[in-house]
Amino acid sequence: TVSVLYWEGTPNNRLLNTAMLRASVSRLGKSLTLPLAPKKEFIIHDGGKKDLPELRTEFTVDSDKLVEYFRTLLVYRRMETLCDQAYKAKKIRGFCHLYIGQEAIALGMTQTLDKDDQIVTGYRDHVWYCARGGQPKDVFAEMMGRQTGCSKGKGGSMHMYNEPGRFYGGNGIVGAQASLGTGLAWKHSLTNGKESPKNCAVALYGDGAANQGQLFECFNMASLFKIPCIYVCENNHFGMGTAEARASAHPKFYKRCEFIPGLRVDGMDLFAVMEGTRWAREWCLKGNGPVILEMDSYRYMGHSMSDPDSAYRTKDDVRKVRDERDCVVHLRKLILENNLKTEQELKAIEKEVKKEVEQQLVEAEKAPVTDAKELWTDIYAPGTKYEGGLKTPQGTVYQQI
């Protein structure tokens, strides 16, 4: 028998508006229960707290969902690969930080968080924007300075933003997003009471930002006021060209605060990420205050497009991680081992994704360049006295455009 599935997009139904995987044989539609055995095992830091949630030792996933996750990771990977190519072709200028290798973190966390949980991150933000409801063409257009970009072409690579998806950037100042995330989370404890917040916020930062003083100020404040914030260190093991051991005296980032619980998670295992996120969110929503997750991952590219990563690691180093831990390869193996798709069917999915994302790049290139008039917009909130204009430090208001 044949069951026909029409998926309108990614798991959040917003990433791509094309029908996906138009037909599937009846081997789809069943649930799989598999052992949770990430290459990097979970390690808990109790932070002096009791009654921490239990970590599960297996996961259950619908077979059709597993294929959908695979496809979504392919979309993310292809988008970032095209960003790399467009930058080298000088279609993209300025800063550009790619997420290739770390995609499982964004997908796994957004699959576990509630739609009203807020997220804020640093400048490695393209995939996070898509995971919270955006499309690759929005990312391409933003980086090319097009009007159809997610920030009207004014923000570029580091300033993706999607308020309807509760995604608040994309921030260029190292570590500054921790303070923003703390504030976003504080709203939930103020609104519903710190003992029973209905939602939480996630503040992501890299291992290079883990030594910023403001992060520790946030840890202190969030603990004092029991703010439901999940602090996530996306540890890809290299800051701006500097290995974690050379930059951090205490590189076990999940243990960075003696009074906040923490958990090391394999950030390249999609289901480990989902379980770690569930664990952290459960802790926060019980009114216990903040928690720290260290997502152990690896970036395959340089810190940014200007980073010659060959100066501090070899191609064999990168290849070894790809071969042993890559999130796309992992899901591909699961699908084949459980007879959910054949090799030919997976290749067809890969070909389809490649074509779709490349079409979105073409669409973005054809979009109009952002008009100079946009320089004067989005400075003041709508409805304020100076909406549409710009106030100088001397008090002069330029003529509205």
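Note that the structure is a prediction, hence the values are computed from the model and not measured.

(A) Focus on the sheet that holds strand β9 (residues 262–266). Reading across from one edge, β4-β9-β10-β8-β7-β6 is the order of the six strands in this open sheet, with mixed pairing throughout. Only two strands of the sheet have a single neighbouring strand rather than two, namely β4 (43–45) and β6 (118–120). Shown here is a sheet whose adjacent strand axes are inclined to one another by a mean of 20°, direction ignored. Here three bridges tie β6 to strand β7 (residues 201–206), and the two strands are oriented parallel to one another. Among the inter-strand pairings, I119 is bridged to a residue of β7, identified as V202. Of the strands in this sheet, β6, β7 and β8 (229–235) are in contact with helix α5 (residues 176–192), which crosses β7 at around 170°.

(B) Here's a closer look at the confidence of the model for the chain. Confidence in the prediction for the chain averages 87 pLDDT; 88% of positions are at 70 or higher. Across residues 1–26, where pLDDT falls below 50, the model places 72 contacts with residues more than four positions away in sequence or in other chains.

(C) Region of interest: the layout of surface pockets. In this structure, the largest pocket occupies an estimated 480 Å³ of space. For the lining of the largest pocket, the element with the most residues is β7, which contributes three residues. Of the residues in the lining of the largest pocket, the class split is eleven nonpolar, 15 polar and three charged. A volume near 330 Å³ is recorded for the second largest pocket. Lining the second largest pocket are 20 residues, with A37, K39, D269, E324 and H330 sitting closest to its centre. Those elements that provide at least two residues to the lining of the second largest pocket are β3 (31–35), α9 (315–325) and α10 (327–337). Considering each element in turn, the lining of the second largest pocket owes the most residues, five residues, to α10. The residue inventory of the lining of the second largest pocket, partitioned by class, reads nine nonpolar, one polar and ten charged.

(D) Geometry of the environment of T72. As for its placement among the helices and strands, T72 is situated in helix α1 (residues 63–88). Separated by 35 residues in the primary sequence, T72 and L107 have C-alpha atoms spaced 8.1 Å apart.

(E) Spatial organisation of the pattern of salt bridges. Applying the stated rule across the entire model yields 27 salt bridges. A salt bridge links R71 to E356, with the shortest nitrogen-to-oxygen separation between them at 2.7 Å. Here E356 lies in helix α11 (residues 343–366) and R71 lies in helix α1, a separation of 285 residues in the sequence. Residues R71 and E356 agree in their burial class; the two are buried. Residues participating in the shared-partner salt-bridge network are R56, E275, R278, E282 and K286.

(F) Structural context of the packing of α1 against helix α2 (residues 103–112). Packing of α1 against α2 brings their axes to within 10 Å, and their N-to-C directions diverge by 135°. Considering their axes alone, α1 and α2 lie oblique with respect to each other. Where α1 crosses over α2, the handedness of that crossing is right-handed. Contacts between α1 and α2 involve K65, Y69, T72, L73, Y76 and R77 from the former and E103, A104, L107 and Q111 from the latter. Partitioning the contact of α1 with α2 into residue classes produces five nonpolar, two polar and three charged.

(G) How the structure looks around the packing of aromatic side chains. One pass over the structure, following the stated rule, counts seven aromatic pairs. Judged by centre distance (5.9 Å) and plane angle (75°), the ring pair of Y161 and Y168 falls under edge-to-face. Judged by centre distance (5.1 Å) and plane angle (80°), the ring pair of F219 and Y231 falls under edge-to-face. In this pair, F219 is assigned in helix α6 (residues 213–224) and Y231 in strand β8, connecting sequence segments twelve residues apart. Residues F219 and Y231 agree in their burial class; the two are buried.

Reading the values: the criteria
Residues numbered from 1 in each chain as written. Predicted model: local features only at pLDDT ≥ 70, side-chain atom pairs only at ≥ 80, totals over all residues. Heavy atoms only, no water. Pairing = 2+ DSSP bridges. Helix = DSSP H or I, 4+ residues; strand = E, 2+ residues; numbered from the N terminus. Axes fitted to C-alpha atoms, helices over the stretch in contact; angles between N-to-C directions. Contact = heavy atoms within 4.5 Å. pLDDT = per-residue confidence, 0-100. 1 Å grid on protein atoms, 1.4 Å probe; cavity = no way out; pocket = protein on both sides within 12 Å on 5 of 7 lines; lining within 4 Å. Points joined across faces, edges and corners; volume = space filled by probe spheres on them. Nonpolar A, V, L, I, M, F, W, Y, C, P; charged D, E, K, R; others polar. Salt bridge = Lys/Arg side-chain N within 4 Å of Asp/Glu carboxyl O. Buried < 20%, exposed > 50% of the residue type's maximum accessible area, 1.4 Å probe, protein only. Parallel < 35°, antiparallel > 145°, perpendicular 65-115°, else oblique. Left-handed = near helix turned anticlockwise from the far one by under 90°. Phe/Tyr/Trp six-rings, centres within 6.5 Å; stacked < 30°, edge-to-face > 60°.

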